[in-house]
Structures are given as C-alpha cells and as structure tokens.
Amino acid sequence: MRRIFTHKNLLTALGIGVLMLGFTEVKAQSSTSHSPYSQYGLGQMREDLLPQTRAMGGISSGVRYQGGLPILNMANPASYSALNRTILDAGLYGNFTQLAKSGSTGKTADFAFSHFAYGFSLNKQNGPKVGGVSFGLMPYSDVGYNVKSARQIDNIPYQTSLVGEGGINKAYVGYGVSPFAGFSIGANAGFLFGNLFDKAMIQFPYEAGMYNTSETITQQIRGATFDYGAQYFKALGNKVNFTIGYSGSLNNTVNSKTTSLVTLTQTDATDPDGEQVAIDTSAFTPLSNRNLNLPLKHSVGFTLSKGINWSIGADFKYADWSKYHTEMGEPPLGKNIGIAVGGQFKPDATSLKYLNLVDYRLGFRYNKTHISVDNHRISDMAITVGMGFPLPETNFGRTFSNVNVSAEFGQQGTMNNNLVRERYININLGFTINDAWFQRRSYD
C-alpha cells in the first residue's frame, strides 16, 4: 500500500505564505529606507545565500554538506549533485539600520521576503547517478534611500528630497552533476526582473498655495544571467571530509529601459501631515533603452567537516564592476574584493538535551566594495551568528525539518571625510523541509 505524504497541508500553507511574503516585499520596498549607498549601481546587492551559510560569514564555494546532510547551496550549483533527498526552503529577511553623519543620526527598519528555493535529486535507487536540480526565487538587489535638505528662497522655506525605492528579483533554475567520483560541476540559468525608482522632489510643506515638483526616473530591468561552479571533495581518513570549490558568473548583460515622469502636486492644507495632492503630469519622457554589463564574478573557497559534528571554511570573493555603465555625474564603479570565514558545530548529536542538538554558527566577512564616494572607497564588514533548530522527525523518520536563524552585525562606510556611517543588523529566518520524496515505498 502506498502511503500518502503527510506534509501536504504544511506545504500548501507554506506556498500561500510565500506568495503573501512576495506581496509584502513589494510594499516594503516602496516605502522603506535601507542604505544611502544603495543609490549606486543596481543598489544593495543580496547574495544567493540561505540563513545556514549567511550565519557562517557567507561562505559558499566549498559548501556541499552541512550537519552531515546535503545543503541547498544556490551560490555554487555544483553542490546540487550531492542532493539525495528533496529540500524545500523559504524564509524572511529583516533589517535594522542606524545612519550617522556629522553628529546627526537616524534609524530605519524593514522586513521582506527572503527566498524560496526547491531542490531534488534525479538519481534513481540502484540506478545511474544523473545529478540534481534546483529552482527558486530571491532578491538580487534593492534600493532604499532618503536624503532631505531644508532650504529657503525669498524667506519662503522649502524642502528638497532624493528618494530611491524598488528592487530586482532573480528567478533561477540550476543543474549539477558529478561526472566522476570526487568531482562535480553545475550551472544556474537565471532571469532578473524589477524596477528601480529614483525620485527628485521640491516641496513647499508650509505653503499650501505653492506647486511642488517631482521627477521620477524609472529603470525597468530585464535580462538573463548564467552562473556556474565546480567542487572537488575527498575524505581525509575516516572522519574528516575536505571540499574545495569555485563559483563564478559571466559578465552578463541585462536590458534597462529608463523613463522620466514629471508631476506637479500641491500641499493639502487640511491634512496635518501635509499630504501631497496630484495636480498634473507635466511630462513623460522615454530616456534610454540600453544594455547594462553585470560584473564578472569569481569565488574560491574550502570547507573541512566532521560528519554532523562540525565544519569550518573560508571564501575569497571578487567582482569587477568597472564595465558597468553609470549615469552621467555618478562616480564609476570599481572592483569588489572580499573574504569570509566561518563554521558551525553541534555539541552532541546523541544527547537527550535539545540544546545539544542545535547547530551553532559563527563567522566574519569583510568587503572592499565597488563603491567610491568623493574618491573614498567604501568598506563593509560584519560578524555573523546563527543557529539551526531541529524539529521533531516525522514521516517515520524520513522527514527532517529545521528552523534556521542568522544575524549579521555590520558596518558599512565611515563618518570620516564627511561620509555616512551605516551600522546594521540583518536578520534572516528560514524554514527547511528535507524529505525523501518521489520514492515509491510500501508497508504491510
């Protein structure tokens, strides 16, 4: 007798939740400030990482197993060949930021959909090993900044604002295979889509009879990407496993359609918050239809692991943004060079105490980013921590579920040279189902 999968209702609820989170992300991106440095290039870049690896400094190139089980590692598609079960992973992202410049400070916070990823093995029981497949959806970059300045003209106060909103999402499908023992290769084909908005506004908040002007520059981003990777793995004795990996991407090209919309508004004198009432659309102008060169990326790294007990690793990352076509007046982008180190351990997998079964993770990362402001290179660094909480096994011991939490305590930029210092806490929450699907099984 075939047994029906008992997580059907859970997966249905999870799927509905992902759709709701996607809607939440759109709303959050249209109203929340993130980083002043997101106004450069395509915004604040979000790597293809799950909370499990973000908590370890963001290492990914040599990550193939975690806690003794294959991990869904989209950052290196060569890892898909290790999949021997079906993995479903979805999660949330939260951010808390403090901005400081010349003695003044401000705080922002937001939350958004983080990722949805699915991976499964194509191998058949007692059959050929033909690899694994993964597909999913996640943010690629986001923009969120708000710069205001109070001014006067003929003793009439007015306010200028520069506001950035929006983001780019990435849908992908990937395949990984091991052509011979100890070596695997893989690739992801992705599609980027989303809109970036830059608004320049002049407002007279205390003069109800004055017209306010707003110009919105919209970039509609569409295009395909191609990422690839390789891993070599070997057992060192009977206990320790070693994996070295490489992942990269071509200098992919995506299309950007840019338009300008100029509108006139008037301050509503009856509204205590000074709401802006639309008066007229002055001009809608197509500005350009051009291709953008995405960076050529390389990442190399390794991991050492001992089964379910512990693992450590490090990555070196490089991305060349120098060929990205910036807007007129913007500083050119450069090269992003970074390192990441991290690891995890489980105190005692045989213990009856729950806290001994939790995976504890720690890491550090440092990036010399591709952004320069007033000829000063912007750096980004963070200490990362996290935990993986196992849930009770179900499905007669065939289903393993985890709740993974990671936190990044970081700083980007500095207050020196009249720059903005950004201190942030990034929280990532993920729920993982690891199950043996697509297998015919029976019992008497």
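Preceding this paragraph is the structure being described.
Parameters and conventions
- Every chain begins its residue count from 1, and numbering advances along the sequence as written.
- pLDDT decides what is reported in this predicted model: residues at 70 or higher carry local features, side-chain atom pairs at 80 or more are listed and counted, and totals for whole chains, interfaces and linings draw on all residues regardless.
- The side-chain numbers reported here are obtained from all heavy atoms of the structure, hydrogens and water having been left aside.
- Only DSSP runs of H or I covering at least 4 residues are called helices, and only runs of E covering at least 2 are called strands; the numbering of each starts at the N terminus.
- With a 1.4 Å probe rolled over the protein chains alone, any residue whose accessible area is under 20% of its type maximum counts as buried; one over 50% counts as exposed, and the rest are partly exposed.
- The contact criterion used throughout is that any non-hydrogen atoms of two residues lie within 4.5 Å.
- The term polar contact refers here to a pair of N or O atoms within 3.5 Å; inside protein, the definition further demands a hydrogen-donor-capable atom paired with an acceptor-capable atom, and it admits residues adjacent in sequence only when both atoms are side-chain atoms.
- In plain words, nonpolar cores are sets of buried Ala, Val, Leu, Ile, Met, Phe, Trp, Tyr and Cys residues tied together by side-chain atoms within 4.5 Å.
- Strands pair, by our definition, only if DSSP identifies at least two bridges between them.
- The term salt bridge refers to a side-chain nitrogen of Lys or Arg lying within 4 Å of a carboxyl oxygen of Asp or Glu.
- Any two rings among Phe, Tyr and Trp, with Trp reduced to its six-membered ring, count as a pair given centres within 6.5 Å; such a pair is stacked if its planes are under 30 degrees apart, edge-to-face if over 60, and tilted if neither.
- Here, a charge over a ring means that NZ of Lys or CZ of Arg falls within 6 Å of the ring centre while also lying within 35 degrees of the ring normal.

Colleague: Break down the overall build of the chain for me, with residues and values.
Modeller: Per the secondary structure count, the chain includes two helices and 20 strands. Out of the 444 residues in the chain, the part that is buried amounts to 48%. Taking as baseline every contact in the chain between residues at least 6 positions apart, the subset at least 24 positions apart corresponds to 67%.

Colleague: Mind laying out the side chain of His370, listing which residues take part and the relevant values?
Modeller: Among the secondary structure elements, His370 is positioned in strand β17 (residues 359-373). Within the structure, His370 has its side chain in polar contact with the side chain of Asn336 (distance 3.5 Å).

Colleague: Requested: an account of the environment of Asn255, with residues and values cited.
Modeller: Mapping Asn255 onto the fold places it in strand β12 (residues 253-267). Along the backbone, Asn255 and Gly223 are 32 residues apart, and their C-alpha atoms lie at a distance of 5.8 Å.

Colleague: Quick one: what's the story with the nonpolar core, residue by residue and with numbers?
Modeller: If you look at the biggest cluster of nonpolar residues, it comprises 23 residues, and the most contacted ones within it are Tyr37, Leu42, Ile168 and Val373. Elements with a minimum of two residues in this core: β9 (183-203) and β17. Not counting the four nearest positions on each side in its chain, Val373 is found in contact with Tyr37, Tyr40, Ile378 and Leu419. Among the nonpolar cores identified, the runner-up in size contains nine residues, and Leu50, Ile87, Ala117 and Tyr172 belong to it.

Colleague: Describe the environment of Val420, listing the residues and the values that go with them.
Modeller: Secondary-structure assignment places Val420 in the loop between β19 (400-412) and β20 (421-435). With relative accessibility at 19%, the residue Val420 sits in the buried group. Each C-alpha atom, one on Val420 and one on Pro36, is 7.7 Å from the other, the two residues being 384 residues apart in sequence. The contact partners of Val420, leaving out residues within four places of it in the chain, are Pro36, Tyr37, Leu99, Ala100, Lys101, Gln412, Gly413 and Thr414.

Colleague: Describe the pairing of β20, naming the residues involved and giving the relevant values.
Modeller: In the case of a regular strand, side chains alternate between the two sheet surfaces. Among the 15 residues of β20, 11 are classified as buried, and the element is accordingly described as predominantly covered. Examined bridge by bridge, strand β4 (residues 86-101) and β20 share 15 bridges and lie antiparallel to one another. In the strand pairing of β20, Tyr93 is matched with Asn428. Relative to β20, β19 runs antiparallel, the two being bridged by 13 bridges. Bridged to Ser401 within β20 is Ile433.

Colleague: Could you give an account of the pattern of salt bridges, with specific residues and numbers?
Modeller: It is possible for side chains bearing opposite charge to pair when their charged atoms get close. Inspection of the entire model under this criterion finds nine salt bridges. Note that Glu47 is salt-bridged to Lys317, the shortest N-O span being 3.1 Å. Here the residue Glu47 occupies a position in the loop between β1 (44-45) and α2 (51-54), and Lys317 occupies one in strand β15 (residues 310-320), the gap between them amounting to 270 residues. Lys346 serves as the salt-bridge partner of Asp359, at 3.0 Å between the closest nitrogen and oxygen. Taken together, the residues span a long stretch of sequence, with Asp359 in strand β17 and Lys346 in the loop between β16 (335-345) and β17 at a distance of 13 residues. Exposure remark for Asp359: the relative accessible area of 7% places this residue in the buried category. Members of the salt-bridge network, linked through shared partners, are Asp48, Lys170 and Asp227.

Colleague: Could you give an account of the packing of aromatic side chains, naming the residues involved and the relevant values?
Modeller: Applying the stated rule across the entire model yields nine aromatic pairs. Each ring, one from Tyr118 and one from Phe135, has its centre 5.1 Å from the other, and the planes form 45°; the classification is tilted. Of the two residues, Tyr118 is situated in strand β5 (residues 104-121) and Phe135 in strand β6 (residues 132-142); the sequence distance between them amounts to 17 residues. Ring pairing ties together the aromatic residues Tyr118, Phe120 and Phe135, which thus form one cluster. Taking the ring centre of Tyr93 as reference, the NZ or CZ of Arg46 above it sits at 3.9 Å.

Colleague: Can you break down unusual backbone geometry residue by residue, with the values?
Modeller: Backbone geometry at Asn375 places phi at a positive 65°, although glycine is not the residue there. The topology assignment puts Asn375 in the loop between β17 and β18 (376-390). Judged by its relative accessible area of 78%, Asn375 falls in the exposed class. Its identity as a non-glycine residue notwithstanding, Asn418 has a phi of 60°, on the positive side. Structurally, Asn418 can be placed in the loop between β19 and β20. For Asn418, a relative accessible area of 49% translates into the label partly exposed.

Colleague: With reference to specific residues and values, describe the environment of Gly223.
Modeller: Here Gly223 lies in strand β10 (residues 211-236). Here the alpha-carbon distance between Gly223 and Lys170, two residues 53 residues apart in the chain, equals 9.8 Å. If we ignore the near neighbours within four places in the chain, the residues touching Gly223 are Gly190, Phe191, Leu192 and Val254.

Colleague: Help me get a handle on the side chain of Asp142, residues and values and all.
Modeller: Within the fold, Asp142 resides in strand β6. Within the local environment of Asp142, its side chain forms a polar contact with the side chain of Arg46, the two groups lying 3.1 Å apart.

Colleague: Could you give me a rundown of the pairing of β19, with the residues and numbers involved?
Modeller: Bridge count between β18 and β19: 11 bridges; the pairing is antiparallel. The partner of Met381 across the bridge, within β19, is Gln411.

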